[in-house]
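Residue-level structure breakdown
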Amino acid sequence: LRDVEQVVGVAITLLFYATPILYPATLVPEALRPWVNLNPLAWVTERLREVLLAGSGPAPADLAIALASVAVLAIGLALFERVSPYFEDFL
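Basis of the calculations
- Residues numbered from 1 in each chain as written.
- Predicted model: local features only at pLDDT ≥ 70, side-chain atom pairs only at ≥ 80, totals over all residues.
- Heavy atoms only, no water.
- Phe/Tyr/Trp six-rings, centres within 6.5 Å; stacked < 30°, edge-to-face > 60°.
- Salt bridge = Lys/Arg side-chain N within 4 Å of Asp/Glu carboxyl O.
- Buried < 20%, exposed > 50% of the residue type's maximum accessible area, 1.4 Å probe, protein only.
- Helix = DSSP H or I, 4+ residues; strand = E, 2+ residues; numbered from the N terminus.
- Expected span 1.5 Å × (residues − 1).
- Contact = heavy atoms within 4.5 Å.

Overview of the packing of aromatic side chains
Scanning all chains against the criterion turns up 1 aromatic pair. Consider the rings of Phe16 and Tyr17, whose centres lie 5.1 Å apart with planes at 75 degrees: the pair is edge-to-face.

Regarding the pattern of salt bridges
Evaluation of the coordinates by the stated rule reveals 4 salt bridges. In this structure, Arg33 engages Glu30 in a salt bridge whose closest nitrogen and oxygen atoms are separated by 2.9 Å. Arg33 gets classed as partly exposed once you look at its relative accessible area, which sits at 24%. Judged by relative accessible area, which is 58%, Glu30 ranks as exposed. A salt bridge links Arg47 to Asp62; its shortest N-O distance comes to 2.7 Å.

With respect to helix H3 (residues 40-54)
Compared with an ideal rise of 1.5 Å per residue, which puts 15 residues at 21 Å, H3 spans 21 Å between its outermost C-alpha atoms and is within 8% of the ideal. Considering only its buried residues, H3 is in contact with helix H2 (33-37) and helix H4 (60-83). Phi turns positive, to about 80 degrees, at Gly55, one or two residues after H3.

Re the side chain of Thr19
One can find Thr19 in the loop between helix H1 (4-18) and H2. Discounting residues that sit within four places of it in the chain, Thr19 has contacts with Asn39, Leu41, Ala42 and Thr45.

Take a look at the structure:
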């Protein structure tokens, strides 16, 4: 479990550069855009760019994504609470 710390740092760095945070997705070559769109954070950053820079308002899909995110959070929290007692021996 201690090796996970080093892998997570590299994975987050790769995810950062693979997500269109520093650049808009329109700058990505057309052949690579499907790969960029596979990144779950790409949609979020593009929507934030639209709302903050272009001035578009919230879309109905934004509410659906927010509700799905809360559902995933609740499921993850319930799963964590269920299995966390088994990890006390590893600390």
